[in-house]
Amino acid sequence: MIELSRSLQAALLAAVALGIVLLAWRGYTRFDKKGELEPRRPGVVRVGVVVALTGASLLALTLIASSGHSKGLALVGAFFSSNTERIAQLVAALIVGGALRLFRAGMDTDNARWLSGRTGARARLGLRVLGATSLLAALAIVILWGAVLPIQPTSKWILGGVLFGAGTGYLVAGSRPVRKGLYRALGWWWGGLVGVTFGVTATLTARMPVGKGASFNPTDQIIRFTALVSSVVFLFFVLSALLPLALDALERRSFVPHVAARHVRASKSGFLTVISVLSMAGVAVSSCALCSVTSIMGGFGADLKRKILGNNAHMVVDASRPGGFGNWDDKLTQVRVALAPYGGAATPVAAGEAMGSSASNTAGALVRGIDPDTIGQVIDLSKNIEVGSFDYLRDPEKLTALPPEEIIGRGPGGEPYFKGPDFRQPSDVDPSVRDYLKKQTRVYPGVVIGRELAKSLHVLVGDEVTLLSPMGELGPTGVMPRSRKFRVAAIFYSGMYEYDVTHAYVLMEEAQKFFSLEDKITHIDIRVPDPERVQEVRPAVEAAVAASAALDEAPEGGKRPPELRVRDWMEMNKNLFSALKLEKIATFIILSIAIAVASFCIVCTLLLMVTEKGKEIAVLKALGASDNAVMRVFMIEGVIIGAIGTIYGVGTALAVCTGLYWFGVRLDPDVYYIDRLPVNVNLSDYAMVALASMLICTIATIYPARAASKLSPVDGLRYE
């Protein structure tokens, strides 16, 4: 989830308001101008009773919850919060089971012989009772769940009042003759009500906490999910309201678009109508799936790229052989001068591999010696600190006397662990004794480690960690690894498991001593403002490195200075991003085949329509319509069918993916190691999908349109 700006929230609410007005006007136009009446409808009465009872129950439960006598509801709310997934699965099972039972009870007895006769009548009655009971049980659970949600009571009052008023209106409307067109108008007005729901839930979602510190709350998840679903349904209603306006605009144009639009609107045989709807639905589902998969795959790729670029340098200057390089001050200065016109930054790093050991476990680590004053300009280490403080790395003496309220770690659910009082130094102890005990506490250099490395070593902020270097000194029994103790200054969370489980940061001077680098460093890390344009900055850095390396002279009788090389993030991660790009292209091609399969329905629809409209085609040709005009009529008709499916599919995918990007689907970071589902809404990808879908649908119309143009007037009117 992202934090929406005020201007974007205002624009979103304005668009929702326009959609609600459009649906209200569309419902008003559904009334019959002659004032004819429709008979009573018992089904509408039953729906009204259920909706009114739902609203009344929600109002009653909200009143009980706000009165202060709600211990039972508090227990129910705690139970629902701790069993959210199970209750959601139970509700879904009850809805599906009830719907299936009602469907079986309404089956034709000719197709279900066991439902015929007196026994069959009893079976149908039993199925109806079981189905209605399942649906009512699911509705009761949903009502109770909504009543115990920890949201503002005003929202519950509004929702309950709207449901009660709508149910009462349906009850009154179904029990008496009403003006013709009222029920169709109510359908559009329900769409407007969904728009109101989307506006309210979107406003509530915009006020929810975002960021790494936001806890996983099931109630927030329900509100976000409601906003997401209501946005998709509301968009469906708005597109359905705009479709007649678009067809009206086509009919007001020339002869060919007028006939094609009228063909799409004209009443057809039942089978042909089903084929037409299936054609639109097939194209819509295929294009929606293609857009959604592209966005989610692009989101994972963008999230991976963001984490890699946030935890690694955009360019690295290192030596071609191990051991590091000296005279790095001049080289660093030359690199910074070369980066100045581009706004880049550089920092020295001394890195090496080591083994981390605590009192209870060991783990491998990549130790990086850094300059604390400039490392924040190159990587996001200081921003990723979860517990502890980056200042403890500069001043490790503070780690020996942490305050009791200091957070030194977090549990599996994100709960904080506090330092607490030091029982070795009670408050009533003599000050001289306290000073003596404080002097006995050894001050070790600080180290910043990843969250997963801290879990592996079972350490918190302030605990001691021993690092062992494989490059040690020669002893009587061989090479002895060098070991040194450090104290955990902070724990960071980068979002990349590979970094959090291996990386450890210490001061550069400590790393140089630990790895016996003397005054050398292993590489220079560089960051540029725009990582995608790193190739434009690389020649300047290479020239600066080459100029500074030319001044190095080989010592007499010694080795030549190591050659320095410059590598950027695209070169170092070429295989990874090439694989992601290839996977995205392959997915696009495979799902495009689904659109091609859906276009076969358009071919069948047009061929059947040519057969059904043979007489009309013959009349048009007899009146002077050319073969080209008839061909264009059916091509435009197929394009309209494909365009309707494409707009619905791409629009639905855009609403779903934008809702996922704005409102977010929170994930448990302890399970998935990401706090939300990554989604990347790229309008160019959506435009490419729409273009590919329209191209496939247009090609599919060529053969049936050509068959219609070849029909002669004599063959069309021979048997009339």
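Everything that follows concerns the structure shown earlier in this document.
Let me begin by describing the structure that accompanies this report. Predicted model, so just to flag it, every value in this text is computed and none were measured.

### Here's the deal with the overall build of the chain
The helix and strand inventory of the chain stands at 25 helices and 14 strands. Restricting the contact set of the chain to residue pairs at least 6 apart, pairs at least 24 apart contribute 79%. With the model as given, the accessible surface of the chain reaches about 38200 Å², and the carbon-plus-sulfur share is 63%.

### Examining the pattern of salt bridges
What the rule picks out here adds up to 20 salt bridges. Put simply, Glu510 and Arg484 hold a salt bridge, and the shortest N to O gap is 2.6 Å. With Glu510 in helix 16 (residues 508–514) and Arg484 in strand 11 (residues 478–492), this residue pair connects regions lying 26 residues apart in the sequence. Given a relative accessible area of 28%, Arg484 falls into the partly exposed group. The shortest N-O distance in the salt bridge between Asp568 and Arg538 comes to 2.6 Å. Here the residue Asp568 occupies a position in strand 14 (residues 564–568), and Arg538 occupies one in helix 17 (residues 534–550), the gap between them amounting to 30 residues. According to the relative accessible area criterion, Arg538 is buried, its value standing at 15%. Linked by salt bridges that have partners in common, Arg538, Glu542, Asp568 and Glu571 make up one network.

### Brief notes about the side chain of Ser286
As for its position among the elements, Ser286 is in helix 10 (residues 270–311). From its side chain, Ser286 meets the backbone oxygen of Gly282 in a polar contact 2.8 Å long. A polar contact is formed between the side chain of Ser286 and the backbone oxygen of Ala594, at a distance of 3.3 Å. Once residues lying within four places of it in the same chain are set aside, the contact partners of Ser286 are Ala594, Ile595 and Ala598.

### Structural notes on empty space enclosed by the protein
Applying the stated rule across the entire model yields three cavities of 30 Å³ or more. In this structure, the second largest cavity occupies an estimated 50 Å³ of space. Lining the second largest cavity, in full, are Phe255, Val259, His263, Glu616, Ile617, Leu620, Ala625, Ala629, Val630, Val633 and Phe634. At the level of elements, helix 9 (255–265), helix 20 (614–622) and helix 21 (627–662) are the ones that each hand at least two residues to the lining of the second largest cavity.

### Some details on unusual backbone geometry
The backbone phi angle of His458 is positive, close to 55°, even though this residue is not glycine. Along the chain, the position of His458 falls in the loop between helix 14 (451–457) and strand 10 (464–475). Overall, the relative accessible area of 53% leaves His458 in the exposed class. Although it is not a glycine, Ser516 sits at a positive phi angle of roughly 55°. Relative to the helices and strands, Ser516 is located in the loop between helix 16 and strand 13 (523–527).

### Some thoughts on the nonpolar core
Membership of the largest hydrophobic core comes to 56 residues, with the highest contact counts inside it found for Met315, Val317, Ile449, Ile524, Ile526 and Val541. In this structure, Val283, Ala598, Ile617 and Ala705 belong to the second largest nonpolar core, which totals 28 residues.

### Remarks on the packing of helix 21 against helix 24 (residues 702–709)
Look at helix 21 against helix 24: their axes get within 8 Å of each other, and the N-to-C directions meet at 145°. Taken as a pair, helix 21 and helix 24 cross one another with a handedness that is right-handed. Along the contact surface, helix 21 presents Asp627, Val630, Met631, Phe634 and Met635, while helix 24 presents Ile702, Ala705, Arg706, Ala708 and Ser709. Looking at the contact of helix 21 with helix 24 residue by residue, the class counts come to seven nonpolar, one polar and two charged.

Criteria and thresholds
- Residues numbered from 1 in each chain as written.
- Predicted model: local features only at pLDDT ≥ 70, side-chain atom pairs only at ≥ 80, totals over all residues.
- Heavy atoms only, no water.
- Helix = DSSP H or I, 4+ residues; strand = E, 2+ residues; numbered from the N terminus.
- Contact = heavy atoms within 4.5 Å.
- Areas by Shrake-Rupley, 256 points an atom, 1.4 Å probe, with all protein chains shown as cover.
- Salt bridge = Lys/Arg side-chain N within 4 Å of Asp/Glu carboxyl O.
- Buried < 20%, exposed > 50% of the residue type's maximum accessible area, 1.4 Å probe, protein only.
- Polar contact = N/O pair within 3.5 Å; in protein donor to acceptor, adjacent residues only side chain to side chain.
- 1 Å grid on protein atoms, 1.4 Å probe; cavity = no way out; pocket = protein on both sides within 12 Å on 5 of 7 lines; lining within 4 Å.
- Points joined across faces, edges and corners; volume = space filled by probe spheres on them.
- Core = buried A, V, L, I, M, F, W, Y, C linked by side-chain atoms within 4.5 Å.
- Axes fitted to C-alpha atoms, helices over the stretch in contact; angles between N-to-C directions.
- Left-handed = near helix turned anticlockwise from the far one by under 90°.
- Nonpolar A, V, L, I, M, F, W, Y, C, P; charged D, E, K, R; others polar.

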